[in-house]
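Chains, contacts and geometry: an overview
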Amino acid sequence: MTVLADLKPGQCGLISGFRDHGPLVQRMMTLGVLEGNEVKVIRLAPAGDPIQIEILGYSLSLRRSEAAVIDVENVR
Amino acid sequence: MTAITTTELGRTTATVVVIGNPNTGKSTIFTALTGVRQKVANYPGVTVEKRSGHLSLDGMEVELVDLPGTYSLAAHSPDEMVAVDVLFGGLEGMEHPDAVLVVVDASNLRRNLYLASQVLELGVPVVVALNMVDVAKARGIEIDAEALAARIRATVVPMVASHDQGLDELRAALAKACRGQLTAPSVHVLPELFAEAERIAASEGERGHPVKRYEVERGLIDAGAFAETRLIERAGASLRAELEATRARLGSGRPLAALEAQRRYGWIAAQLDGVEKRSEPRRTWTDRIDAVITHKVWGSLVFVLVMGAVFQSVFRWATPVMDAIDGAFKSLGTAVGDALPPGALASLVTDGVIAGVGSVLVFLPQILILFLFIGVLEDSGYMSRAAFLMDRVMRFAGLSGQSFIPMLSSFACAVPGIMATRVIADRRDRLTTILVAPLMTCSARLPIYTVLIAAFIPHRHFAGGWLGLQGLVMLSLYLLGIVLAVIAASIFKRTVLKGPTPTFLMELPAYKWPRPRAMVLRLVERAKVFVLRAGTVIFSVSVVVWALSYFPRPASIHERFENERAEVTASASGEARDTALASLAAAEDAAYLEQSVFGRMGHVIEPVFRPLGWAWRVAMAAIASFPAREVVISVLGTTYALGKDVDEGSDTLRSALQGARWPDGKPVFTAATALGLMVFFALCLQCVATVATIRRETQSWKWPAFAWTYMTVLAYVGALLTYQIGTRLMAG
């Protein structure tokens with residue numbers, strides 16, 4: 001399975017699940033990082049971490065370790 | 001329970017709560033509605049600021065309460081619970097609001113409606129300010145506000161708050177809501193949860209535990225978070241089992257928080273179907289700016305330039321104003337001192353009151369300049385990009401990118417730096433940053449370094465004159481602060497402030513032009529908060545310190561010096577007499593200081609500081625500099641009988657320190673002692689303004705006490721090691 005952290009800048013995918021159900025994932029879901037939503041990696045910070053993603057039409061930044069709990073499919 | 005005090009028609013007062021996501025223009029709307037009629041207080045027991053303002057609507061006096069920007073009513077921390085309590089009228093002294101104003105960003109409606117859907121369940125009339133419709137339009141998003149209003153059963157007012165568009169319509173809608181002419185929407189996105197929460201609240205009520213439905217609702221959803229903890233504290237452990245059973249039943253294995261998110265976003269999609277039309281997304285200005293600002297090379301360059309400008313201006317621009325304030329208070333002190341008869345009253349007014357007030361006001365220029373920059377950076381959207389760029393670096397200290405600006409500001413002054421920690425979302429990260437920020441070398445340490453380096457560090461150059469020993473010492477003192485701050489932060493994050501790693505989920509909002517009006521209001525408010533709250537503490541401490549260094553004043557000293565003065569007046573004349581009288585006056589000051597409570601304390605604690613190589617006068621100067629580090633210079637000056645007016649440029653101070661001798665004739669100050677003293681002041685927390693600011697920002701004396709203790713221990717050990725190692729190296 002691919003996780004969001006594996007995507008390169010410019011790639012899109014469909015969120016298919018979460019590998020964790022802690023407070024982090026709860027916060028993500030509140031912000032619209034939700035199963036079935038499309039997500040796009042916009043760019044990486046100069047150090048390669050954190051990453052900037054687009055979800056529901058807005059920009060969100062999260063750490064690589066946080067993006068590693070989000071499963072994605074249909075990566076383009 | 002509601003605030004309806006008179007009949008519907010004759011209502012004269014009402015309360016409206018304002019809530020919204022961050023970056024929706026909520027503050028702009030709040031300021032546009034209330035103008036300067038705002039005040040900031042604290043909710044009891046928590047660090048959340050209660051910002052409220054007043055406005056008149058059709059003869060009604062309406063109190064507007066602005067809640068901090070939030071994405072959800074989930075209550076993980078006590079601070080987040082405050083917002084929920086305010087909305088439901090569960091906070092002591094605050095009644096159920098008459099209406100809620102939800103500010104939403106039209107260009108980002110889906111995510112913004114998440115919070116709105118929670119508010120629509122409150123059972124009070126809701127007015128939705130659909131802000132930034134211009135931005136939405138530019139991005140190809142059309143919203144049918146009337147259709148949306150019909151769907152969610154609330155008043156929806158399209159607005160462009162930054163251009164004052166839609167404000168009259170908003171006022172009219174709020175007036176209607178306050179008069180009770182709007183019905184409350186009855187949205188229930190999770191009806192089964194609502195029913196269960198109602199049942200549990202009722203059965204707990206029968207058992208004599210008055211808990212509220214909404215508390216149970218949040219307690220059920222946010223498992224293990226503050227809402228649940230507080231419920232169980234009130235109603236006992238039996239409720240825990242009940243909550244767990246209910247959760248299992250409702251979620252059928254899945255966390256309720258996930259269920260809530262799924263349902264709410266499903267509900268939002270249904271409401272927006274046909275209401276929101278999006279054409280092909282266009283490349284926005286924000287995308288174009290971001291391509292530069294967060295670029296590997298250009299982004300880092302812009303970052304260094306911006307931070308350099310912030311640091312330089314706080315450091316340099318503030319200095320002339322601060323010197324002017326300082327000078328003004330000094331001449332005021334002199335003028336008042338000349339006008340009053342000499343004695344305790346004159347000394348209290350000049351050395352206590354005027355110097356005390358001056359020591360508060362002198363910080364204002366730095367605070368205002370820094371907050372002006374932070375305001376611009378925050379409102380424009382750059383602040384979150386800076387955190388994005390610096391996150392990786394700050395993780396060395398166990399912190400996140402959000403701690404960068406407060407730490408950088410602390411190089412100028414820890415007071416504005418600590419005030420700037422408000423941008424840090426996570427409580428533990430914020431506390432850690434507050435605790436280590438005073439380790440950064442602030443401008444108040446420079447006079448101490450300048451005097452001691454000039455007097456005791458040899459003027460030597462290496463590498464063909466490029467590297468000076470004096471400069472290297474200064475640089476090492478800066479690095480010492482940074483390195484110890486990183487170590488201290490990572491220790492705190494592993495011990496006293498241990499907890500789950502905070503999330504770095506952070507919105508990167510669209511770039512915006514800052515609003516000057518809102519910014520000026522915020523600056524005035526910051527200045528007020530600092531002068532009134534921190535100022536009272538700083539002022540009282542200054543007066544106490546004055547008293548400790550003034551009393552007691554034995555008559556014997558006065559008599560002794562009167563006799564000597566009489567002798568001088570009789571035997572000498574002209575310039576020689578004036579010089580002799582001046583040095584007598586200085587010696588008299590020093591004699592009084594030695595007799596004072598502080599002087600005695602210096603003698604008592606001398607053994608403690610002996611391993612650091614400090615004479616009792618140095619120990620006393622260190623204690624007397626409790627209000628502010630730089631005071632140590634003038635106390636050293638006074639105690640080594642120079643008179644009061646010494647500063648870092650003074651050659652006489654330098655030679656007096658160089659000439660100071662122990663009873664056995666050895667010099668008091670060696671390079672090792674001086675280095676130790678500098679290390680002490682690099683690491684100690686001798687600054688009442690910082691202590692008072694930590695107290696204000698953490699709402700408790702526990703954290704300033706902790707910060708003072710750990711830094712003093714660090715300072716002592718640092719000075720001890722420096723002196724002992726330095727003495728041995730130089731001897732060998």
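Residues numbered from 1 in each chain as written. Chains lettered and ligands numbered in written order. Predicted model: local features only at pLDDT ≥ 70, side-chain atom pairs only at ≥ 80, totals over all residues.

1. Let's talk about the overall build of chain A
Helices and strands together make up the secondary structure of chain A, namely two helices and six strands. Sequence-ordered secondary structure for chain A, helices as α and strands as β, is β-β-α-β-β-β-α-β. In terms of overall dimensions, chain A is globule-like: its C-alpha atoms have a radius of gyration of 11 Å, near the 11 Å expected for 76 residues. Overall, chain A is about 30 × 25 × 25 Å in size when its C-alpha atoms are taken along their principal axes. Sorting the 76 residues of chain A into buried and exposed places 45% on the buried side. Considering only residue pairs separated by 6 or more positions, chain A has 60% of its internal contacts joining residues 24 or more positions apart. (Helix = DSSP H or I, 4+ residues; strand = E, 2+ residues; numbered from the N terminus. Rg over C-alpha atoms; globule rule 2.2 N^0.38 Å. Buried ≥ 20, exposed ≤ 12 C-beta atoms within 10 Å, placed from the backbone. Contact = placed C-beta atoms within 7 Å.)

2. Quick word on the overall build of chain B
In terms of helices and strands, chain B carries 31 helices and 12 strands. Across its three principal directions, the C-alpha atoms of chain B cover 100 × 60 × 55 Å. Considering chain B as a whole, with its 732 residues, one finds that 44% of them fall into the buried category. A sequence separation of at least 24 residues applies to 71% of the contacts in chain B between residues at least 6 apart.

3. Some remarks on the environment of G471 of chain B
Among the secondary structure elements, G471 of chain B is positioned in helix 21 (residues 469-494). Note: C-alpha distance between G471 of chain B and F561 of chain B (90 residues apart in sequence) is 43 Å.

4. Looking at the interface of chain A and chain B
On the chain B side, the residues contacting the 27 residues of chain A number 29 residues. Going through the elements one at a time, helix 1 (23-30) and strand 5 (58-62) of chain A are the ones with two or more residues in the side of chain A that touches chain B. Element by element, the count of residues in the side of chain A that touches chain B is highest for helix 1 of chain A, at seven residues. Residues belonging to the side of chain A that touches chain B are distributed by class as follows: 14 nonpolar, eight polar and five charged. Pairing of strand 5 of chain A with strand 12 (residues 506-507) of chain B involves two bridges; the strand directions are antiparallel. (Nonpolar A, V, L, I, M, F, W, Y, C, P; charged D, E, K, R; others polar. Pairing = 2+ DSSP bridges.)

5. Notes on the packing of helix 29 (residues 671-683) of chain B against helix 31 (residues 702-731) of chain B
All names here are of chain B. Viewed as axis vectors pointing N to C, helix 29 and helix 31 meet at an angle of 160°, and their least axial separation amounts to 8 Å. On the basis of their axis angle, the class for helix 29 and helix 31 is roughly antiparallel. Once helix 29 is placed against helix 31, the crossing between them reads as right-handed. Mapping the contact onto sequence places A671, A672, T673, L675, G676, L677, V679, F680 and L683 in helix 29 and M711, L714, A715, G718, A719, T722, Y723, G726, T727 and M730 in helix 31. Residues of the contact of helix 29 with helix 31, tallied by class, amount to 13 nonpolar, six polar and no charged. (Axes fitted to C-alpha atoms, helices over the stretch in contact; angles between N-to-C directions. Parallel < 35°, antiparallel > 145°, perpendicular 65-115°, else oblique. Left-handed = near helix turned anticlockwise from the far one by under 90°.)

6. What about the domain arrangement of chain B?
Many analyses report the size of an interface as the accessible area lost when the parts associate. All names here are of chain B. For chain B, the assigned domains read domain 1 (13-178), domain 2 (191-278) and domain 3 (425-503 + 605-732). Computed over C-alpha atoms only, the centres of domain 1 and domain 2 are separated by 23 Å. Listed as interface residues are 24 residues of domain 1 and, on the opposing side, 17 residues of domain 2. Looking at the side of domain 1 that touches domain 2, the elements with two or more residues in it are helix 2 (78-87), helix 3 (109-119), strand 7 (141-143) and helix 5 (145-152). Classifying every residue of the side of domain 1 that touches domain 2 by side-chain character gives 15 nonpolar, five polar and four charged. (Domains from an automatic or database assignment.)

7. Focus: the sheet that holds strand 5 (residues 99-105) of chain B
Residue and element names in this part refer to chain B. Taken together, the seven strands give an open sheet; going across it, the order is 2-3-4-1-5-6-8, and neighbouring strands pair in mixed fashion. Unpaired on one side and paired on the other, strand 2 (38-42) and strand 8 (155-158) mark the two borders of the sheet. Adjacent strand axes in the sheet meet at a mean angle of 25° when their direction is disregarded. Examined bridge by bridge, strand 5 and strand 6 (residues 126-131) share six bridges and lie parallel to one another. Residue V100 lies in a different strand from strand 6, and its bridge partner there is V126. Against the sheet, helix 5 engages strand 6 and strand 8, with an angle of about 160° to strand 8.

8. Observations regarding the pairing of strand 2 (residues 12-18) of chain A
Residue and element names in this part refer to chain A. For strand 2 and strand 3 (residues 38-44), the ladder comprises three bridges, and the chain directions are antiparallel. Paired with G13 across the two strands is V39, which belongs to strand 3. Relative to strand 6 (residues 70-73), strand 2 runs antiparallel, the two sharing four bridges. The residue bridging F18 from the neighbouring strand is I70, located in strand 6.

9. Re the pairing of strand 4 (residues 60-66) of chain B
All names here are of chain B. In the sheet, strand 1 (residues 13-20) pairs with strand 4 via six bridges, with the strands oriented parallel. By the bridge assignment for strand 4, V18 is matched with D66. Strand direction decides the pairing type here: strand 3 (residues 49-57) and strand 4, joined by seven bridges, are antiparallel. Bridging across to strand 4, S56 finds its partner in E61.

10. As for helix 30 (residues 688-698) of chain B
Residues and elements named next belong to chain B. Counting buried residues in helix 30 gives nine out of 11 residues, a clear majority hidden from the surface. Regarding helix 30, the residues found buried are V688, A689, T690, V691, A692, T693, I694, E697 and T698. Positive phi shows up at Q699, right after helix 30, with a value of about 60°.

11. Some words on the sheet that holds strand 12 of chain B
Read from one edge to the other, the open sheet built from seven strands follows the order 1(A)-6(A)-2(A)-3(A)-4(A)-5(A)-12(B), with strand pairing classed as antiparallel. Looking at which strands have only one partner, the edges of the open sheet turn out to be strand 1 (2-3) of chain A together with strand 12 of chain B.

12. Observations concerning helix 9 (residues 226-235) of chain B
Residues and elements named next belong to chain B. Every buried residue of helix 9 is accounted for by A227, E228, L231 and A235. Projected onto a plane normal to the axis of helix 9, the buried residues spread over an arc of 95° and lie on a single side. Against helix 2, helix 7 (191-206), helix 8 (213-221) and helix 10 (238-251) lie the buried residues of helix 9. Positive backbone phi, approximately 90°, marks G236, located one or two places after helix 9. (Arc of directions from axis to C-beta.)

13. Concerning the environment of L714 of chain B
Residues and elements named next belong to chain B. Along the chain, L714 falls in helix 31. Each C-alpha atom of the pair L714 and L683 lies 6.4 Å from the other, and the pair is 31 residues apart in sequence. Contacts of L714, omitting those with residues within four sequence positions, involve L484 and L683.

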